[in-house]
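A closer look at the structure
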Amino acid sequence: MNRAPLLLASAVLLAPLTALAMPVAPAAVLQSDDALKPVASRAELPITAVSVYRARAAVTRAANCTLAQGVHELRVGPLPESADLESVQARIGAGGKLLDVKTEIVALPAPSSDNPRIQQALVAVSMARSDLAEVMRRISNNDAAQKTIDSIAAKVAGDASAALGGALDPQKLSAQLSFISSERDRLTTERLIFETSRKSAEGKLAAAERELAKAGGAPPAERYALVTVAVPEGGSVPVALTYLVGNAAWKPAYTVRGDPMAGTLTIEFDAVVKQATGEDWSDVALVVSTAQPTRAANPRDIGPIYVDAFDPNEPRTVEVPATTMPPGAPAVAAPAEAGDVRMARKASMEIESLSRDAEVGGSGAAVEYRLPRTFSAPSDANGEQRTRVANISGKPTFTLVARPLVESDVFMRGRLTNESGFILLPGQARVYLGSDSIGTAALGEIAVGGEIELWFGKEPGVTVKRELVAKKASESGVFSKSKGIDREYRISLTNTLPRAVEVEVWDRAPVTRNEQVKVELTGVAPALAADAKFLKDERPQGLLKWVLPLPARADGKEAAPVAISWKTRVVWPEGMYLSGDAD
């Protein structure tokens, strides 16, 4: 069993509290024969610290116990039903020595708990069970009465049959049949009432059991930890007990507040804790740890577009590299039927699917956050407590981003370097721009020193429009003919804001992966961005990026649009089909 999570909680084990250990027999002066015999004591150790993980928690009870000279067996508990008894560990401070730690389950005649909510739920469950048992007893009696009436009816029918043609008393038979009929009607009506009562009692019992489960209720048994301690000299001995419990978890939650006009961006990093362990946590030292454990505010990304060509008259088998072939996948062959464009395109799509990179996922090293304040949370399956972990701020950069190929609006992006010393874990963030709620966004894991990218929704003061100005197909060559497609594009941006802004504009041009296909990009105005990251990472994929300043709209005048234009030409050999081409 991995006990590492318990060691994390042990950093706050020995709190300056005093618990009264109640020895069964006085131990002020011990004889030599008594020195090795443990003295049973009840140690009241309050919960002082909790380390919450993604699906469990390590609970620490600690206090200073006044113990006489000798050997003591301290009984700590009762522990909640969610406690993992195999995980129990103890630590003893100065003045004592730990000899043994074991656990014990004591059966009780009725469930017991120190939690008032659990006690109330247990009473409700007990009453509901008693009511249901009473209803079932009455139903059983009704069944027995029904069987008795059936027996009487059979006896009357037998006697009447035997008396036919002889001494049959019609009045007596009529009275017997009337009695049987009326009793059956009475028992049937009674049974319907009992069935209604049964359903009601079962519903009340289920509701009471649900309330007990929500409170983290315990079964009719008490669970204890028995800590054996040797005390060379009497006095105050620090004692701490740590154990794992289920029904506890936490998750990160963020509130992002951006203000481009003030140039500020703040991330409020909170921990949302839920627990139904059966124990209330009151003013405890809290550690939250990850020990390996609606409306979009951002535009969609632009992906690269790849063009290729193939000769449908040339039968061939496409070899997929072994590193991209899934285990057991068959080889994919290009269709050999001449002129079957649909089949050729299907084969190309299958080949593209096989060679696509797998998605990479994972998480970083385990981190923990120790809160600088005490924390309280009742045992409640439906409740949750939110507490602040950190406020993260710095010098952000705000940029307007336009991707008119996939979005008709301009979006606001904020970037901030995480210099807080806190690793940000994946979670949902509520995003505010000034005092306006923008919506929610997913925040990924951000290491210390990493860049945080956040989106703040649309900027209605800046508009963008993308046009395919011209498209023309052509043929060229005398002996070696080729086909071509020429396109001309224009993007127009208009700033209606009373201030100048800078917009990052993205689009794309085709990329060839076949040496027989040629792609040209011409007439680009203004020039593309020249930053190193773009030239290294995005430009080889055919993505286009401009950083375009837009002047402020002059008072009383209509805003003038600013244009971007470029042309593309794709050429491939005649007799081959072009795949992946799009406007």
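On a predicted model such as this, the values are computed, not experimentally measured, just so you know.

Structural notes on the overall build of the protein chain
- The secondary structure content of the protein chain amounts to five helices and 28 strands.
- In the protein chain, which comprises 583 residues, the proportion classed as buried is 40%.
- Of the roughly 31,500 Å² of accessible surface on the protein chain, 52% is carried by carbon and sulfur atoms.

A look at the packing of aromatic side chains
- One pass over the full model with this rule turns up eight aromatic pairs.
- Summarising the aromatic geometry, the rings of W506 and F534 are spaced 6.0 Å apart at their centres and angled 80° between planes, so their arrangement reads as edge-to-face. Highlighted residues: W506 in strand β23 (residues 501-508) and F534 in helix α5 (residues 532-538), separated in sequence by 28 residues.
- Given the relative accessible area of 11%, W506 is considered buried.
- Residue F534 is classed as buried on the basis of its relative accessible area of 1%.
- Among the aromatic residues, those joined into a cluster by ring pairs are W250, Y254, F269, Y369 and F422.
- Seen from the ring of Y53, R56 lies directly overhead, with NZ or CZ sitting 5.8 Å from the centre.

Structural notes on the pattern of salt bridges
- For the structure shown, the criterion picks out 35 salt bridges.
- Across the pair E504 and R413 runs a salt bridge whose closest N-O atoms are separated by 3.0 Å. Here E504 is found in strand β23, whereas its partner R413 is found in strand β18 (residues 409-417), with 91 residues between them in sequence.
- Close ionic contact of R490 with E467 constitutes a salt bridge, the shortest N to O distance being 3.5 Å. Here E467 lies in strand β21 (residues 451-476) and R490 lies in strand β22 (residues 482-495), a separation of 23 residues in the sequence.
- What makes E467 partly exposed here is its relative accessible area of 28%.

Regarding the sheet that holds strand β16 (residues 380-393)
- Reading across from one edge, β16-β12-β11-β19-β20 is the order of the five strands in this open sheet, with mixed pairing throughout. Edge strands, defined here as strands with exactly one partner in the open sheet, are β16 and β20 (436-443). Neighbour to neighbour, the strand axes of the sheet diverge by 25° on average, direction disregarded.
- Bridging between strand β19 (residues 427-433) and β20 involves seven bridges; their strand directions are antiparallel. Looking at the pairing, Y432 lines up with S437 of β20.

Examining helix α3 (residues 170-214)
- For α3, built from 45 residues, the straight-helix expectation of 66 Å at 1.5 Å per residue is met to within 8% by its first-to-last C-alpha distance of 65 Å.
- Among the residues of α3, those classed as buried are I180, E183, L187, F194, R198, A201, L205, A208 and L212.

Points about the nonpolar core
- Counting 80 residues, the largest nonpolar core has L241, W281 and L493 as its most contacted members.
- Apart from residues lying up to four places away in sequence, L241 is in contact with L45, V59, T60, R61, V76, L79, V88, Q89, A90, A225 and V227.
- Ranked by size, the runner-up nonpolar core spans eleven residues in total, among them A121, V125, A128 and L205.

Some words on the environment of T103
- Looking at the secondary structure, you find T103 in strand β8 (residues 97-107).
- The exposure class assigned to T103 is partly exposed, which follows from its relative accessible area of 32%.
- A sequence separation of 15 residues divides T103 from V88, and the C-alpha atoms of the two residues are 7.9 Å apart.
- Ignoring any residue separated from it by four or fewer positions in sequence, one finds T103 in contact with L85, V88, Y224 and A225.

Brief notes about unusual backbone geometry
- Looking along the chain, the bond that leaves G77 and enters P78 is cis, with omega of 5°.
- Structurally, P78 can be placed in strand β6 (residues 70-79).
- With an omega of -5°, the peptide bond between A525 and P526 qualifies as cis.
- Inspection of the secondary structure assignment puts P526 in the loop between β25 (518-525) and α5.
- Unusually for a residue other than glycine, N247 sits at a positive phi of about 60°.

Things to note about the sheet that holds strand β27 (residues 562-573)
- Strands sit in the order β25-β27-β22-β21-β18-β17-β23-β26 across an open sheet of eight strands; the sheet is mixed. Looking at strand neighbours, the two that pair on one side only are β25 and β26 (543-550), the edges of this open sheet. Direction aside, the axes of adjacent strands within the sheet are offset by 30° on average.
- Pairing of β18 with β21 involves seven bridges; the strand directions are antiparallel. Pairing of F411 across the sheet is with K458, part of β21.

Re the confidence of the model for the protein chain
- Overall, the prediction assigns the protein chain a mean pLDDT of 81, with 79% of residues at 70 or greater.
- Contacts for the low-pLDDT stretch residues 1-33, under 50 throughout, to residues beyond four places or in other chains number 86 contacts.
- Every residue in residues 316-364 is under pLDDT 50, and counting partners more than four places away or in other chains gives 40 contacts.

Here's the deal with the environment of G484
- Within the fold, G484 resides in strand β22.
- G484 gets classed as buried once you look at its relative accessible area, which sits at 2%.
- Spatially, the C-alpha atom of G484 lies 6.4 Å from that of W572, the residues being 88 residues apart in sequence.
- In contact with G484, not counting residues within four places along its chain, are K472, A473, S474, V570, V571 and W572.

Overview of the pairing of strand β17 (residues 397-402)
- Direction of pairing for β17 relative to β18: antiparallel, over a ladder of six bridges. Bridging across to β18, T397 finds its partner in R415.
- The antiparallel hairpin formed by β17 and β18 contains six residues in its connecting segment.
- Pairing between β17 and β23: three bridges, direction parallel. Residue pairing across strands places V401 opposite E504, the latter belonging to β23.

Some remarks on the environment of A527
- Counting through the fold element by element, A527 comes out in the loop between β25 and α5.
- Note on A527: relative accessible area 63%, which makes it exposed.
- For A527 and W546, which are 19 residues apart along the polypeptide, the C-alpha to C-alpha distance reads 7.2 Å.

Some thoughts on the pairing of strand β7 (residues 83-92)
- Counting buried residues along β7, seven of its ten residues qualify, which places the element largely inside the surrounding structure.
- Relative to strand β10 (residues 235-245), β7 is paired through six bridges, and the arrangement is antiparallel. Opposite R91, over in β10, you have A240 as the bridge partner.

Rules of the game
- Residues numbered from 1 in each chain as written.
- Predicted model: local features only at pLDDT ≥ 70, side-chain atom pairs only at ≥ 80, totals over all residues.
- Heavy atoms only, no water.
- Helix = DSSP H or I, 4+ residues; strand = E, 2+ residues; numbered from the N terminus.
- Buried < 20%, exposed > 50% of the residue type's maximum accessible area, 1.4 Å probe, protein only.
- Areas by Shrake-Rupley, 256 points an atom, 1.4 Å probe, with all protein chains shown as cover.
- Phe/Tyr/Trp six-rings, centres within 6.5 Å; stacked < 30°, edge-to-face > 60°.
- Lys NZ or Arg CZ within 6 Å of the ring centre and 35° of its normal.
- Salt bridge = Lys/Arg side-chain N within 4 Å of Asp/Glu carboxyl O.
- Pairing = 2+ DSSP bridges.
- Axes fitted to C-alpha atoms, helices over the stretch in contact; angles between N-to-C directions.
- Expected span 1.5 Å × (residues − 1).
- Core = buried A, V, L, I, M, F, W, Y, C linked by side-chain atoms within 4.5 Å.
- Contact = heavy atoms within 4.5 Å.
- pLDDT = per-residue confidence, 0-100.

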